[in-house]
Amino acid sequence: MSLRKGTIKEYMFKSEALAEELELLVYLPANYSPLYKYSLVIAQDGRDYFQMGRIGRVADELLGNDEIENIIVVGIPYKDRFDRRSKYHPDGEQHLAYIRFLAHELVPFLDEEFPTYQMGHGRALIGDSLGGTVSLLAALKYPHTFGKCIMQSPLANEAVMEAVRNFEDPHLLELYHVIGTDETDVPTTDGNRANFIEPNRKLHQLLNQKGFPCFYEEFEGNHTWKYWQADLKRALLEMF
C-alpha cells in the first residue's frame, strides 16, 4: 500500500512582537479534517526541519502506520545566521520578543486556524542546536502553553541552567533531549567553537535532579543533520 502524503502550505504572518513579517510552513497530514483534533509541533529552524530533517515524510510514515496521534507541523524559517542568533540565542537582541511571538501571537493564530487541542500538552516545540535552546526556554517561560519540548543538541549555557534551576513546576513539561558524543568542538554562530556534550550532560543531570519527565540519550555522532534526521522518528514517537 502506498503511503498517503500530507500537504505543506505557506503562510505569511505579521508579528507585532518582532515588528516583521514571518514565513510559516504548515504540514497538514493526509487525513486532515476540521472534524478531527490535532496536536501541534512547532519547529524552529523550520525550513531545515522540512528539507534536511524531512519531517513531513517522517510524519507521513508514522501517521500512515497509526504509530502516533494526529499532528500538524508548523515550521518557522530563519532569514540568515544573524537573524537566527538574534532570535534563538539567550543573549540575542530579539530573543525575548521571539518567545513572546511564539506564545502570544503564533499559538492564538494556530488555535483559530486549525482544530487544535488548545492546551499545553497538545503543543510541542522542537529545535536543533540554538533552536533547541530557545524551544526549552520558551517552554520554561510558558509551560501552560507548551507542554512538550524536543531538543536536538541544544546550546546549554549558564542562562539555560539558571532558567531550569528557577523553574518550579517540572511536572508540567515533557522533554526529549539528545546530544552527540562527538560534539566536542562545535562551530558557533559567533565565530567561535564550543564543547556541547559536557554542558548537555550537566543540563541532563539538573533536569533529572529537578524531576522533569525527560527522555535523554547520547548518540554516536556530531552536530549535523545526518544524526538529527535519523533521530526524528523516535522523537515524534516518544512525544506523540
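Residues numbered from 1 in each chain as written. Predicted model: local features only at pLDDT ≥ 70, side-chain atom pairs only at ≥ 80, totals over all residues. Heavy atoms only, no water.

## Notes on the environment of Pro-213
In step 1: Topologically, Pro-213 is positioned in the loop between helix 7 (197-210) and strand 10 (214-219).
In step 2: As a C-alpha pair, Pro-213 and Glu-174 span 39 residues in sequence and 5.2 Å in three-dimensional space.
In step 3: Non-local contacts of Pro-213, meaning those with residues more than four positions away in its chain, are made with Pro-170, Leu-173, Glu-174 and Leu-175. (Helix = DSSP H or I, 4+ residues; strand = E, 2+ residues; numbered from the N terminus. Contact = heavy atoms within 4.5 Å.)

## Remarks on helix 7
In step 1: Between the first and last C-alpha of helix 7 there are 20 Å, a value that for 14 residues agrees with the 20 Å anticipated at 1.5 Å per step.
In step 2: Those residues of helix 7 lying buried are Ile-197, Asn-200, Leu-203, His-204, Leu-206 and Leu-207.
In step 3: Where helix 7 is buried, its residues contact helix 5 (130-141), strand 6 (148-152), helix 6 (158-166), strand 7 (174-180) and strand 10.
In step 4: Phi turns positive one or two residues past the end of helix 7, at Gly-211, with a value near 90 degrees. (Expected span 1.5 Å × (residues − 1). Buried < 20%, exposed > 50% of the residue type's maximum accessible area, 1.4 Å probe, protein only.)

## Details of the layout of surface pockets
In step 1: Considered as a void within the structure, the largest pocket measures approximately 410 Å³ in volume.
In step 2: In terms of lining, the largest pocket is formed by 24 residues, of which the most central are Arg-84, Ser-129, Pro-187, Thr-188 and Thr-189.
In step 3: Ranked by residues supplied to the lining of the largest pocket, first place goes to helix 3 (residues 81-88) with three residues.
In step 4: Here the residues of the lining of the largest pocket sort into nine nonpolar, seven polar and eight charged.
In step 5: In this model, the second largest pocket occupies a volume close to 270 Å³.
In step 6: Residue lining of the second largest pocket: 15 residues in total, with Arg-4, Asp-60, Leu-63, Gly-64 and Asn-65 positioned closest to the centre.
In step 7: With three residues, the top contributor of residues to the lining of the second largest pocket is helix 2 (residues 55-64).
In step 8: Per-class residue counts for the lining of the second largest pocket are seven nonpolar, five polar and three charged. (1 Å grid on protein atoms, 1.4 Å probe; cavity = no way out; pocket = protein on both sides within 12 Å on 5 of 7 lines; lining within 4 Å. Points joined across faces, edges and corners; volume = space filled by probe spheres on them. Nonpolar A, V, L, I, M, F, W, Y, C, P; charged D, E, K, R; others polar.)

## Some remarks on the packing of aromatic side chains
In step 1: Counted under the stated rule, the structure contains 14 aromatic pairs.
In step 2: Members of the aromatic cluster, joined through ring pairs, are Tyr-11, Phe-13, Tyr-32, Tyr-36, Tyr-38, Tyr-88, Tyr-98, Phe-101, Phe-109 and Phe-114.
In step 3: When the ring centre of Tyr-78 is taken as origin, the NZ or CZ atom of Arg-84, which lies over that ring, is 5.6 Å away.
In step 4: Across from the ring centre of Phe-240, 5.4 Å away, lies the NZ or CZ of Lys-148, which sits over that ring. (Phe/Tyr/Trp six-rings, centres within 6.5 Å; stacked < 30°, edge-to-face > 60°. Lys NZ or Arg CZ within 6 Å of the ring centre and 35° of its normal.)

## Structural notes on the side chain of Asp-45
In step 1: If you trace the backbone, Asp-45 turns up in the loop between strand 3 (39-43) and helix 1 (46-51).
In step 2: For Asp-45, a relative accessible area of 0% translates into the label buried.
In step 3: Setting aside anything within four residues of it in sequence, one finds Asp-45 in contact with Ile-76, Tyr-78, Arg-84, Tyr-88, Asp-128 and Gly-131.

## Thoughts on the pairing of strand 4 (residues 71-75)
Along any regular strand, the residues point their side chains to alternate faces of the sheet.
In step 1: Of all five residues that make up strand 4, five are buried, and the element is covered over most of its length.
In step 2: Taking every second residue as pointing to the same face, both faces of strand 4 are buried, with Ile-71, Val-73 and Gly-75 on one and Ile-72 and Val-74 on the other.
In step 3: In this structure, strand 2 (residues 20-28) lies alongside strand 4, joined through three bridges in antiparallel fashion. The partner of Val-26 across the bridge, within strand 4, is Val-74.
In step 4: Relative to strand 4, strand 3 is paired through five bridges, and the arrangement is parallel. For Ala-43, the partnering residue across the bridge sits in strand 4 and is Gly-75. (Pairing = 2+ DSSP bridges.)

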